[in-house]
Amino acid sequence: MEIRRLDRANLTPAYGIEGERLKPWAPLNSPFEGAWCVVRAGGESDPHSHHEYEIFIALTGDAALVVDGAEREFKAGDIVHLPPGSTHQVVNRSAADFEYYGIWWDAPMAADFLSRHLTAGAGS
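Residues numbered from 1 in each chain as written. Predicted model: local features only at pLDDT ≥ 70, side-chain atom pairs only at ≥ 80, totals over all residues. Heavy atoms only, no water.

(A) Up close: the overall build of the protein chain. Counting its regular elements, the protein chain contains one helix and nine strands. Ordered by position from N to C terminus, the α and β elements of the protein chain give β-β-β-β-β-β-β-β-β-α. Within the protein chain, residue pairs in contact and separated by at least 24 positions form 64% of the contacts whose partners lie at least 6 positions apart. For the protein chain, the accessible surface area stands at approximately 7400 Å², while carbon and sulfur atoms represent 58% of it. (Helix = DSSP H or I, 4+ residues; strand = E, 2+ residues; numbered from the N terminus. Contact = heavy atoms within 4.5 Å. Areas by Shrake-Rupley, 256 points an atom, 1.4 Å probe, with all protein chains shown as cover.)

(B) How the structure looks around the sheet that holds strand 6 (residues 70-75). Spatial ordering of the open sheet is given by 6-5-8, a layout of three strands whose pairing is antiparallel. One side of each edge strand has no neighbouring strand; the edge strands of this open sheet are strand 6 and strand 8 (88-91). For this sheet, the mean angle separating the axes of adjacent strands, direction not counted, is 25 degrees. Pairing of strand 5 (residues 62-67) with strand 6, which is carried by six bridges, proceeds in the antiparallel orientation. Looking across to strand 6, one finds that A64 is bridged to E73. (Pairing = 2+ DSSP bridges. Axes fitted to C-alpha atoms, helices over the stretch in contact; angles between N-to-C directions.)

(C) Broad picture of the nonpolar core. One finds F56, F74, V90, F98 and Y100 to be the most contacted residues of the largest nonpolar core, which totals 15 residues. Within the residue set of this core, elements represented by two or more residues are strand 3 (33-39), strand 4 (53-60), strand 5, strand 7 (79-82) and strand 9 (98-105). The residues contacting F74, other than those within four sequence positions of it, are F56, I57, A58, G61, D62, A63, A64, L65, I79, V80, F98 and Y100. (Core = buried A, V, L, I, M, F, W, Y, C linked by side-chain atoms within 4.5 Å. Buried < 20%, exposed > 50% of the residue type's maximum accessible area, 1.4 Å probe, protein only.)

(D) Quick look at the pairing of strand 3. Burial runs high along strand 3: six of the seven residues are buried. As judged from the four bridges shared by strand 2 (residues 17-21) and strand 3, these two strands associate in the antiparallel manner. Looking across to strand 3, one finds that E20 is bridged to W36. Where strand 3 meets strand 9, seven bridges bridge the pair, whose relative direction is antiparallel. For A35, the partnering residue across the bridge sits in strand 9 and is G102.

In C-alpha cells, the structure reads:
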C-alpha cells in the first residue's frame, strides 16, 4: 500500500481553478487519469469540453455545475458523469471553497493500461 497526501501548498492552475493531478505516480498503473480540484470561494472553472469521458465527485461544499447551458446544484456527496464533447463549468457562488475529484478516461488510456498490465503480469 502507498498513500499519497494532497499537497495543498502546491496546487497548480488548470481550466481557471487549482488542482493536483493523480499522475505521474510511479507505482500506479491505471486506465484513467484524475485530479483533486479546488474552486475557490466566488470562483469558477473555465467552460471547456474534451473527448474523454469524465466523472466528478463532489467532496466539500456547494457549487453549480453548468453542462451544455443547463445548470444544476452540485454539492458534497454528488457524482456526475460528463459525456465526451459536453461543455462543462463548475461555478462556486459560496463563501467557502468547493472541492471535487475529477476522473477521466478514453480508449487510448485503456489500451495503454492493458499493454502495461499484460507486460508487467497479472499481479500489477
